[in-house]
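# Descriptive structure summary
Letter by letter, the chains look like this.
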Amino acid sequence: MAAAAAAFHQSIGTPHSVGHVNNSGLLQELAKSSVRFISKGFEIDIGLSKRGCYISSKRNVSVIRASASQASVIDIVSSPSHTKANDSRKKSNEAALILIRHGESLWNEKNLFTGCVDVPLSKKGVEEAIEAGKRISNIPVDMIYTSALIRAQMTAMLAMTQHRRKKVPVIMHNESERARAWSQIFSEDTLKQTIPVVADWRLNERMYGELQGLNKQETADRYGKEQVHEWRRSYDIPPPNGESLEMCAQRAVAYFKDQIEPQLLAGKNVMIAAHGNSLRSIIMYLDKLTSQEVISLELSTGIPMLYISKEGKFIRRGSPAGPAEAGVYAYTKNLALYRQKLDEMVH
Ligand SMILES: O=C(O)[C@@H](CO)OP(=O)(O)O
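- The name given to the chain in an unreviewed UniProt entry is phosphoglycerate mutase (2,3-diphosphoglycerate-dependent), with the source organism recorded as Malus domestica.
- Among the UniProt annotations of the chain, the heading Sequence similarities (unreviewed entry) holds the following wording: "Belongs to the phosphoglycerate mutase family. BPG-dependent PGAM subfamily."

Rendered as structure tokens:
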């Protein structure tokens, strides 16, 4: 059990001491196995003190990321038994990357500039998110990243209700020591059935400044179509007191490189649920688009896009059309094997 807790925190790269928590039967159990784990500069102590059970860890973030679990596509479906397929995958460290722009929000529906205003999905957006989930229901997901905004989080959660593997997405709370300690899981079996969800503001929609809440059509009538198009689609011209796409890309791509890419390189399959402009920024990086090319890139709400990450390269695989589509599973041997395992589980 202790190993599972350690592995989970290791796999999501959560930091440092998680502090003291109160005794309980489970924690007493945990304390019996009081032990120190040391792995490649990563050290975890689990034990019992006067104040209760504790788990503390010291580590170097980059070391943890480098040593993050190498669970293969096949491991995710079945027990950690070794198969030829997962061995070959470990060597290649191939991973799936799914990008989803959130479903329609209540302000998309009203044609209002939204930016960082935290608006939920519309009914249509809920349906789009469920539909997106069906399209990716046979693709492995080990980690989910979303923005800090509810429309992206709703999309990720609704999409995962459709996944055939039926793992439970759980939002990580690392905002304080207490939040981290109070949201720990102490069952190895439950951990295996869990997908960590990391929410971060750096994946937010670009901040639209003084346009937030204004109607897009009325703004075009007032300031002229060209001016509004420039605010909406130029690369480096920000709307009044807001972020340009370039400014949004600086924080979104930095987050991708720093937090998400190491997970992919370690073989983790990742889904990102985010926004039109934070995803355009990330796609610009993945597809090596120029600032001229990215301005004509438009993303539909609720349509998942699949990339394969292999040896530090990103291969765009388009959008899976549906769970029954054969093509997408032929993109890589591992995706085909993952799907085969899911089929075997059901029958
Ligand atoms: O209003 C917004 O936040 C965005 C996305 O909906 O609009 P735009 O299409 O101008 O990028």
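That shown, we press on.
### Quick look at the overall build of the chain
- For the chain, the helix and strand inventory stands at 16 helices and 11 strands.
- For the chain, the residues scored as buried account for 52% of the 347 residues in total.
- In the chain, of all internal contacts separated by at least 6 residues, the share reaching a separation of at least 24 is 73%.
- Accessible surface for the chain amounts to roughly 15800 Å². Of this, 53% is attributable to carbon and sulfur atoms.

### With respect to the nonpolar core
- Of all hydrophobic cores here, the largest spans 29 residues; its most connected members are Leu97, Leu99, Tyr145, Phe256 and Ile272.
- Of all the elements in the fold, those that place two or more residues in this core are strand S5 (95–101), strand S6 (143–146), helix H13 (245–265), strand S9 (270–274), helix H14 (276–286) and strand S10 (304–310).
- Per-element tally for this core: the top contributor is H13, with six residues.
- Excluding its chain neighbours within four sequence positions, the residues that come into contact with Ile272 are Leu97, Ile98, Leu99, Ile100, Tyr145, Leu203, Phe256, Ile260 and Leu279.
- Core analysis: the second largest hydrophobic core is formed by 18 residues, Ala156, Ile195, Ala273 and Leu306 among them.

### Some thoughts on the site of the ligand
- Around the ligand, the neighbouring residues are Arg101, Asn108, Leu112, Phe113, Thr114, Gly115, Glu205, Tyr208, Lys216, Arg232, Arg233 and Asn277.
- A distance of 3.2 Å separates an oxygen atom of the ligand from a polar atom in the side chain of Asn108.
- The contact in question runs from an oxygen atom of the ligand to an N or O atom on the side chain of Arg232, over 2.7 Å.
- When the ligand is considered free in solution it has 310 Å² of accessible area, and contact with the protein chains removes 95% of it.
- Split into classes, the residues belonging to the shell around the ligand amount to three nonpolar, four polar and five charged.

### Focus: the packing of aromatic side chains
- Counted under the stated rule, the structure contains five aromatic pairs.
- Aromatic rings pair up to connect Phe256, Tyr285 and Phe314 into one cluster.
- If you follow Arg178 out to its NZ or CZ, it ends over the ring of Trp182, 4.8 Å from the centre.
- Here Lys216 stacks its cationic end above the ring of Phe113, 5.4 Å away from the centre of that ring.

### Things to note about the UniProt feature "site: Transition state stabilizer" (unreviewed entry) in the chain
- According to UniProt, the "site: Transition state stabilizer" (unreviewed entry) feature falls on His275.
- Structurally, the position occupied by His275 is in the loop between S9 and H14.
- With relative accessibility at 0%, the residue His275 sits in the buried group.
- Setting aside chain neighbours within four positions, we find His275 in contact with Arg101, His102, Ser147, Leu149, Arg151, Ala152, Leu203, Asn204, Glu205 and Arg280.

### Some points on the pairing of S6
- What you see with S6 is no split at all: Met143 and Tyr145 on one side and Ile144 and Thr146 on the other are buried throughout.
- Pairing analysis gives four bridges linking S6 to S9, with the strands arranged parallel. Looking at S9, one finds that Tyr145 is bridged to Ile272.
- Bridging between S6 and strand S8 (residues 194–199) involves three bridges; their strand directions are parallel.

### Focus on helix H8 (residues 150–160)
- Within the sequence span of H8, burial applies to Arg151, Ala152, Gln153, Thr155, Ala156, Ala159 and Met160.
- Tucked into the core, H8 has its buried residues touching S5, helix H7 (123–135), S6, strand S7 (168–171), S8 and S9.

### Here's the deal with the sheet that holds strand S11 (residues 313–316)
- Strand order in this open sheet of seven strands is S7-S8-S6-S9-S5-S10-S11, and the pairing throughout is mixed. A strand with exactly one partner marks an edge of an open sheet, and here the two such strands are S7 and S11. Ignoring which end each strand starts from, the neighbouring axes of this sheet average 25 degrees apart.
- In this structure, S10 lies alongside S11, joined through four bridges in antiparallel fashion. Looking at S11, one finds that Ile308 is bridged to Ile315.
- Contacting S5, S9, S10 and S11, H14 crosses the sheet at an angle of about 145 degrees to S5.

### Concerning the packing of helix H11 (residues 216–223) against helix H12 (residues 225–233)
- At a minimum axis separation of 6 Å, H11 and H12 run at an interaxial angle of 125 degrees. Viewed along their axes, H11 and H12 adopt a mutual orientation that is oblique. Counted together, Lys216, Thr219, Ala220 and Tyr223 of H11 and Lys225, Gln227, Val228, Trp231 and Arg232 of H12 form the full contact between these two elements.
- Grouping the amino acids of the contact of H11 with H12 by side-chain chemistry returns four nonpolar, two polar and three charged.

### Some details on the pattern of salt bridges
- Applying the stated criterion to the full structure yields 12 salt bridges.
- Its salt-bridge partner being Lys310, residue Glu94 comes within 3.9 Å of it at the nearest N-O pair. With Glu94 in the loop between helix H5 (84–92) and S5 and Lys310 in strand S10, this residue pair connects regions lying 216 residues apart in the sequence.
- For Asp287, the salt bridge is made with Arg316, and the minimal N-O distance between the two is 2.7 Å. Here Arg316 lies in strand S11 and Asp287 lies in the loop between H14 and helix H15 (291–294), a separation of 29 residues in the sequence.
- Taking relative accessible area as the criterion, Asp287 reaches 24% and is therefore assigned partly exposed.
- Here Arg316 falls in the partly exposed class, since its relative accessible area comes to 42%.
- Put simply, Arg164, Arg339 and Asp343 are held in one network by salt bridges that share partners.

Cut-off values and rules
- Residues numbered from 1 in each chain as written.
- Predicted model: local features only at pLDDT ≥ 70, side-chain atom pairs only at ≥ 80, totals over all residues.
- Heavy atoms only, no water.
- UniProt positions renumbered as here; feature names shortened; annotations may be inferred.
- Helix = DSSP H or I, 4+ residues; strand = E, 2+ residues; numbered from the N terminus.
- Buried < 20%, exposed > 50% of the residue type's maximum accessible area, 1.4 Å probe, protein only.
- Contact = heavy atoms within 4.5 Å.
- Areas by Shrake-Rupley, 256 points an atom, 1.4 Å probe, with all protein chains shown as cover.
- Core = buried A, V, L, I, M, F, W, Y, C linked by side-chain atoms within 4.5 Å.
- Near = heavy atom within 4 Å.
- Polar contact = N/O pair within 3.5 Å; in protein donor to acceptor, adjacent residues only side chain to side chain.
- Nonpolar A, V, L, I, M, F, W, Y, C, P; charged D, E, K, R; others polar.
- Phe/Tyr/Trp six-rings, centres within 6.5 Å; stacked < 30°, edge-to-face > 60°.
- Lys NZ or Arg CZ within 6 Å of the ring centre and 35° of its normal.
- Pairing = 2+ DSSP bridges.
- Axes fitted to C-alpha atoms, helices over the stretch in contact; angles between N-to-C directions.
- Parallel < 35°, antiparallel > 145°, perpendicular 65-115°, else oblique.
- Salt bridge = Lys/Arg side-chain N within 4 Å of Asp/Glu carboxyl O.

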